[in-house]
Amino acid sequence: MLYPISTKTRTVQDLNGIWKFKLEDDRAPNDVSTPLETDRHMFVPGSFNDQGVTRDIRMHVGYVWYEREFVIPDFLLNQRVVLRLDAATHEADVYVNGKFVVRHKGGYIPFEAEIQDVIHPGKNRVSVKLSNRIDYTSLPVGNYSETKMEDGRIVRKLSENFDFFNYAGLNRYVRIYTTPKSYLEDIAISYDVDLAALSADVKVATCAKGDFDNVKVTILDANDSVVGKGEGENAIVSLKDIKLWQPLNAYLYKARVELYKADELIDVYEEEFGIRTVEVKNSQFLINGKPFYFKGYGKHEDTYINGRGINEAYNVADINLMRWMGANSFRTSHYPYSEEMMRLCDREGIVVIDECAAVGMFEGFSVDSASGMAAKSTWSVLNTKEAHEQAMYELIKRDKNHACVVMWSVMNEPDSAGPGAREYFEHIFEYSRKLDPQNRPFTYVNFQICGVDKDVCTDLVDVICLNRYFGWYWDTADFASAEKHLIEDLEKWHEKYPDKPIMFCEYGADTVAGLHAVDDIPFTEDYQVKYYEINSRVFDRYDFFIGEQVWNFADFETKTGINRVQGNKKGVFTRAREPKAAARLLRDRWLNIPDFDYKK
Ligand code: GCB
C-alpha cells in the first residue's frame, strides 16, 4: 500500500480537524442517511477517550459515530478518488453520503475505499461507525462481554488482556487522495548488495492497474541526481558507489516510478528507500555485514489527551531523546506505529523491530503474572488465526520498503508453552515469512512464564527476544537473587540455542519520579537505577547477547487497577518526557557502547 503523496499526477487533501461525534444509542441507532445529530465534537486524529474527559466517553465500550463534511474540487471528479483512514481503532464501517464504502477490522493499519462513484460536486459527508471492541477473535486480544437490559440497552464490558489502555477512535490521519484512473497501486523494493564493491541491484516490483503500456523506474540519490534507470513491472537497476543506510547515519534514495501509455505519462509516484543488509549469523545480528548492538526501548504511542492518536511533535522529541541517550533502536510494542513514525525513522537512522498487534495471546493475562499460573488453554479459547494472518499481511505490505525495519515481531508474550502453541506458531511463522520481499529476520517476544524449560516455539525465531523482570515481578527487592537467576536464565537459553543471538526486548521496574530511598525500595528512582545497573552487568558477560531494549521509553496509560499507579511507571522518562535518574545512568552507558562491534 502506497503512502499518500502529491505528485504531478496525484493530490492529497486532509480531513483532519474537528469532527462531529456521538456515542451510539442502541435503542435509537443513528440513521446514516441523514446528517448526524449531536452537539459533541472530537479532534481527528486522536483517541476519543481523554478528549471526552468524563467516564461516559472515556470508558465507553461499543459503537461511536464520527462525521464531517468535505468538498472535492470539480476538476478532480474525473480522477480516481480514494478515502484513506490511517487507523480506525479497532473496527470501522465507513459511509460517504450515507452509502457504505468500506469496513475494516484491525485498529493500527491503514485502509481505503474508492469513492468517486458516491461523491458529487459541492459538499459531501463522510461518516464512520467505529467500535472499540476487542475480543478472542481480534488483535489485540480483549475480554469482552455484553448483557441486554430490559429497557433495550446493551451493557458492554471490556477488559484489556494486556497492559495498555484501550485508546480508540480515529487515531491517525484521514485523507482523500486522487490518482489517475490508471494508476500505480504498489511498489516493492528489494536489493542484492555487494558490500565489498559497494554496488547493488535494486529490484523495483510495481503493481499497476488499468490501461498502460510501460513502467519506467528512475533512481535518484539524496541530491535528486539520477543514478540509475530501469523499465518494466519488475525493473532491476544496477547502482555503483552506493551509500548505505546506516544506523543513526541514514542515506535515502528515491525510486521514481512512472506509468506510461505510449509516450504519455499517466501516473508517477516517488518512494524513498535506503539500502542496507540484515543478516543473522553465528549468534550475531549483522547490519551491512557488521555485528550490531541494539540499544533502546520498547515504546508506546501514548501521549496526554491524544491517547494513542498520532502526535508527530512527540515523535520528533522522542527520537531526539533517544539520540540524547545514545540509543539506536526501538520496538513498535505492541502494534504497528504510524507511517509518519516509520518514515521519520528511515530518515533518522533509527533501527526498528516492527511488531504486529498480536498481544494478549495468553489466557487470563495479568500484569503481575509472576504470581499467577501458566495458561492452560490459550490456544483452544482464542480464535485469532484469521486476524493474525491479516495483521501480518497488512503490516508487511505497509512497511516492507522501510530501511529502518530490520526484523518483524509476530507476537508479544504469547503462550508459547501450552497445548496447541506449537501448531499456531508454526503456521504464523510460515505464513509470515513468505510475505517479505526483503527476507528480514522474524521473531516473537518471549514471556518469562514460558521460560526455557517450558517454551516449545523458540526454534522458529531468528533472534531470541526475551522480556525479563528479574528484580521486579520476580525476586522483588532481592537483587542478589535476581542477578543469579538472570545469569542462569541466559546461560540456559544459550545452551539450548547456541547459534541464535539473544536480546532483551523488555526489562524494567515501575518508578514514580521523585521517590528516593537508600535501601532497595521498589518504585523509587534509586531502585530503577540499581535494577538497570545489575541487568547491564550481566549483559556484558555474554558475546551472544546482542541488545538491550528497556521497558519502557516513557510512562504510559494502562487499564485502571491496583497494580498500576495512574498508568505503568516503568518509563525512563515520565509521560511528559522528563528524565528519571535511570535515563542518565543508561545515557552514560549507551554513549560508551558503539553501535557496531561491541561484542567482537
Ligand atoms: C510485559 C508486557 C508489557 C507490560 C510489561 C509490564 O511483559 O509485554 O506490555 O507493560 O510487561 O510493565 O508489566
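What you see is a predicted model; the values in this text were computed from it and never measured. (Residues numbered from 1 in each chain as written. Predicted model: local features only at pLDDT ≥ 70, side-chain atom pairs only at ≥ 80, totals over all residues. Heavy atoms only, no water.)

Considerations on the pairing of strand β15 (residues 183-194)
Where β15 lies against strand β16 (residues 199-209), eleven bridges are found, and the strand directions are antiparallel. The partner of Ile-187 across the bridge, within β16, is Thr-206. Connecting β15 to the next strand, β16, in antiparallel fashion are four residues, including Leu-198 with a positive phi near 50°. (Pairing = 2+ DSSP bridges. Helix = DSSP H or I, 4+ residues; strand = E, 2+ residues; numbered from the N terminus.)

Brief notes about the sheet that holds strand β3 (residues 40-44)
Ordered by their spatial adjacency, six strands build an open sheet running β3-β2-β4-β10-β7-β8, and the pairing between neighbours is antiparallel. In the strand order of this sheet, the two ends are held by β3 and β8 (99-105), each with one partner. This sheet shows a mean twist of 30° between the axes of neighbouring strands, independent of strand direction. Bridge count for strand β4 (residues 63-72) against strand β10 (residues 122-131) is ten bridges, and the pairing is antiparallel. Bridge pairing in β10 places Arg-68 opposite Val-126. (Axes fitted to C-alpha atoms, helices over the stretch in contact; angles between N-to-C directions.)

Structural notes on the domain arrangement of the protein
Split by domain assignment, the protein resolves into domain 1 (11-179), domain 2 (183-273) and domain 3 (278-590). Spacing between the C-alpha centres of domain 1 and domain 2 amounts to 36 Å. (Domains from an automatic or database assignment.)

Let's talk about the packing of helix α8 (residues 479-496) against helix α9 (residues 525-539)
Relative orientation of the contacting elements α8 and α9 amounts to 35°, with a least axis distance of 10 Å. You can see that α8 and α9 cross each other, and the crossing is right-handed. In this structure, α8 uses Phe-479, Glu-483, Leu-486, Ile-487 and Leu-490 to contact α9, whose residues at the interface are Tyr-527, Lys-530, Tyr-531, Ile-534, Asn-535, Arg-537 and Val-538. Classifying every residue of the contact of α8 with α9 gives eight nonpolar, one polar and three charged. (Left-handed = near helix turned anticlockwise from the far one by under 90°. Contact = heavy atoms within 4.5 Å. Nonpolar A, V, L, I, M, F, W, Y, C, P; charged D, E, K, R; others polar.)

A few points about the site of the ligand
In the vicinity of the ligand lie 13 residues, with Asp-163, His-334, Glu-413, Tyr-473 and Lys-570 positioned nearest. Tyr-473 places a side-chain nitrogen or oxygen 2.3 Å from an oxygen atom of the ligand. The separation between an oxygen atom of the ligand and a polar side-chain atom of Arg-564 is 3.1 Å. In isolation the ligand has 320 Å² of accessible area, and contact with the protein removes 97% of it. Counted by class, the shell around the ligand contains four nonpolar, four polar and five charged residues. (Near = heavy atom within 4 Å. Polar contact = N/O pair within 3.5 Å; in protein donor to acceptor, adjacent residues only side chain to side chain. Areas by Shrake-Rupley, 256 points an atom, 1.4 Å probe, with all protein chains shown as cover.)

A few points about helix α4 (residues 339-348)
Extensive coverage of α4 is indicated by the burial of seven of its ten residues. For α4, every residue scored as buried is listed here: Glu-339, Glu-340, Met-341, Met-342, Leu-344, Cys-345 and Asp-346. (Buried < 20%, exposed > 50% of the residue type's maximum accessible area, 1.4 Å probe, protein only.)

Regarding the environment of Asn-401
Position of Asn-401 among the secondary structure elements: in the loop between α6 (385-399) and β28 (405-412). Of the residues examined, Asn-401 reaches a relative accessible area of 4% and is grouped as buried. With 149 residues separating them along the chain, Asn-401 and Leu-252 place their C-alpha atoms 11 Å apart. Here Ile-189 takes part through its backbone nitrogen, which lies 2.8 Å from a polar atom of the side chain of Asn-401. Polar contacts involving the side chain of Asn-401 include one to the side chain of Glu-271, which spans 2.8 Å.

Looking at unusual backbone geometry
In this chain, Thr-89 is followed by His-90 through a cis amide linkage whose omega measures 5°. Examined against the element boundaries, His-90 turns out to sit in the loop between β6 (88-89) and β7 (91-96). At the junction of Leu-139 and Pro-140, the peptide bond is cis and its omega measures out at -5° in the coordinates. The residue Leu-198 is not glycine, and still its phi comes out positive at about 50°. The topology assignment puts Leu-198 in the loop between β15 and β16.

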